[in-house]
Amino acid sequence: NRQTPEVLDALMDYAANCGRLSKYITLRSTKLSEGHYKTYKHQRSDDFLGSTSSYGAFDANEWHRAVKAYLPNISRDEIAKIGGFYNRRNDTVNLPADSTFGNAVHEAVHRLSGGIAKGRFGNYINEGITQLFTDMILSDIGLPSATGHNYVSNLADVRLLVTRAGGIDLIARAYFQNYKDANDAVQQIFVRLGLTPDVKTIKVIREADILAALRRPSVVGTP
């Protein structure tokens, strides 16, 4: 409802000052409730794509139009799976009006990220990290982990990443902190995964190679 952005602001403020991730998070100068949070009309029956006759209602849906404007090259099937998005270009969290609170927190966490993790790890792992931190923030105030999202497999792989990285420290630094500190943390993670020989060797590593390293029974450099 209309109080949601204020609740999210309070939750992010708590996370930055009192929660387990407080040493990593730097709040933005403006709050979600100051024009950085937007919802769109959405009726779940419009998600139906059983026949071409349903495309008209799908394409006319306000939420679907917002997603398509943000990601113009994705298919209708992909649009139907998106529960929210953070537009870094205009610094706005965007959600369907019938979204869950868990989805809203997930997108608010994206707003706190530095953007480096997505570029270095890829979207799949970045979404898993975001969900991991979403659940940690919810847990810090006594709420259960979010459910009903599409990141179950992402989260499972990120839990492997936490093990390989020796805990959440490097991952949180890679996700939340500024360019230099985040890249340094990423490099240390890649060394632990056996994907680069040392922190000074900078190279583009494919998301598929990161996942393969995570899923191997043993990895060079694993603590």
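Small disclaimer: the values here were computed from a predicted structure and weren't measured. (Residues numbered from 1 in each chain as written. Predicted model: local features only at pLDDT ≥ 70, side-chain atom pairs only at ≥ 80, totals over all residues. Heavy atoms only, no water.)

Draft legend 1. Summary view of the confidence of the model for the protein. Scored by pLDDT, the protein comes out at a mean of 95, with 97% of its residues at no less than 70. In the model, residues 219–223 has pLDDT below 50 throughout and makes 15 contacts with residues more than four positions away in sequence or in other chains. (pLDDT = per-residue confidence, 0-100. Contact = heavy atoms within 4.5 Å.)

Draft legend 2. Representation of the nonpolar core in the model. Ranked by size, the top nonpolar core spans 50 residues in total, and within it Leu-21, Phe-121, Ile-129, Phe-133, Phe-176 and Ile-210 carry the most contacts. For this core, the element with the highest residue contribution is helix α7 (residues 123–140), accounting for 7 residues. Aside from chain neighbours lying at most four places away, what touches Leu-21 is Ala-15, Phe-133, Met-136, Ile-137, Ile-168, Ala-172 and Phe-176. Tyr-40, Trp-63, Ala-66 and Val-67 belong to the second largest nonpolar core, which has 9 residues in total. (Core = buried A, V, L, I, M, F, W, Y, C linked by side-chain atoms within 4.5 Å. Buried < 20%, exposed > 50% of the residue type's maximum accessible area, 1.4 Å probe, protein only. Helix = DSSP H or I, 4+ residues; strand = E, 2+ residues; numbered from the N terminus.)

Draft legend 3. Structural detail: the layout of surface pockets. There is about 1000 Å³ of room inside the largest pocket. Along its surface, the largest pocket is lined by 38 residues, and Ile-82, Gly-83, Gly-84, Glu-127 and Tyr-151 are the ones closest to its centre. Of the voids in this model, the second largest pocket is the one considered here, and its volume is about 220 Å³. Lining the second largest pocket are 14 residues, with Asn-1, Thr-4, Tyr-37, Thr-39 and Ala-97 positioned closest to its centre. If you list the elements that add at least two residues to the lining of the second largest pocket, you get α1 (4–17), β1 (37–40), β3 (92–96) and α5 (101–112). Looking at the lining of the second largest pocket residue by residue, the class counts come to 7 nonpolar, 5 polar and 2 charged. (1 Å grid on protein atoms, 1.4 Å probe; cavity = no way out; pocket = protein on both sides within 12 Å on 5 of 7 lines; lining within 4 Å. Points joined across faces, edges and corners; volume = space filled by probe spheres on them. Nonpolar A, V, L, I, M, F, W, Y, C, P; charged D, E, K, R; others polar.)

Draft legend 4. Representation of the pairing of β3 within the structure. For β3, a buried count of 5 out of 5 residues is recorded, marking the element as mostly surrounded by other parts of the structure. Of the two faces of β3, both are covered, the one formed by Thr-92, Asn-94 and Pro-96 as well as the one formed by Val-93 and Leu-95. Summarising the sheet, β1 and β3 pair through 4 bridges and their orientation is parallel. Its bridge partner being in β3, Thr-39 is matched across the sheet by Leu-95. Here 3 bridges tie strand β2 (residues 85–87) to β3, and the two strands are oriented antiparallel to one another. Looking across to β3, one finds that Asn-87 is bridged to Thr-92. In sequence, β2 turns back onto β3 through a hairpin of 4 residues, with Asp-91 there showing a positive phi of about 55°. (Pairing = 2+ DSSP bridges.)

Draft legend 5. Structural detail: α5. For α5, spanning 12 residues, the distance from its first C-alpha to its last is 17 Å, which sits close to the expected 16 Å at 1.5 Å a residue. Of all 12 residues in α5, 11 are buried; the element is thus mostly enclosed. The complete set of buried residues in α5 reads Gly-102, Asn-103, Ala-104, Val-105, His-106, Glu-107, Ala-108, Val-109, His-110, Arg-111 and Leu-112. (Expected span 1.5 Å × (residues − 1).)

Draft legend 6. Quick peek at the sheet that holds β1. Within the open sheet, the 3 strands sit side by side as β1-β3-β2. Their pairing is mixed. Of all the strands in the sheet, the pair left with one neighbour each is β1 and β2. Geometrically, the sheet is characterised by an average inter-axis angle of 25° between neighbouring strands, direction not taken into account. The strands that helix α3 (residues 62–70) touches are β1, β2 and β3; relative to β2, the one it contacts most, it runs at about 50°. (Axes fitted to C-alpha atoms, helices over the stretch in contact; angles between N-to-C directions.)

Draft legend 7. Spotlight on the pattern of salt bridges. Overall, the coordinates contain 9 salt bridges when judged by the stated rule. For Arg-20, the salt bridge goes to Asp-140, with nearest N and O atoms at 2.7 Å. Placement of the pair is Arg-20 in the loop between α1 and β1 and Asp-140 in helix α7, with a sequence separation of 120 residues. A salt bridge links Arg-111 to Asp-91; its shortest N-O distance comes to 2.8 Å. In this pair, Arg-111 sits in helix α5 while Asp-91 sits in the loop between β2 and β3, placing the two residues 20 residues apart along the sequence. For the pair formed by Arg-111 and Asp-91, the shared burial category is buried. Each of Arg-28, Asp-91 and Arg-111 takes part in one network of salt bridges that share partners. (Salt bridge = Lys/Arg side-chain N within 4 Å of Asp/Glu carboxyl O.)

Draft legend 8. Geometry of the side chain of Gln-187. Mapped onto the elements, Gln-187 comes out in helix α10 (residues 179–192). For Gln-187, a relative accessible area of 2% puts it in the buried group. Looking at Gln-187, its side chain comes within polar contact range of the main-chain oxygen of Val-199, at 3.2 Å. When sequence neighbours within four positions are dropped, the list of residues in contact with Gln-187 reads Arg-120, Thr-196, Asp-198, Val-199, Thr-201 and Ile-202. (Polar contact = N/O pair within 3.5 Å; in protein donor to acceptor, adjacent residues only side chain to side chain.)

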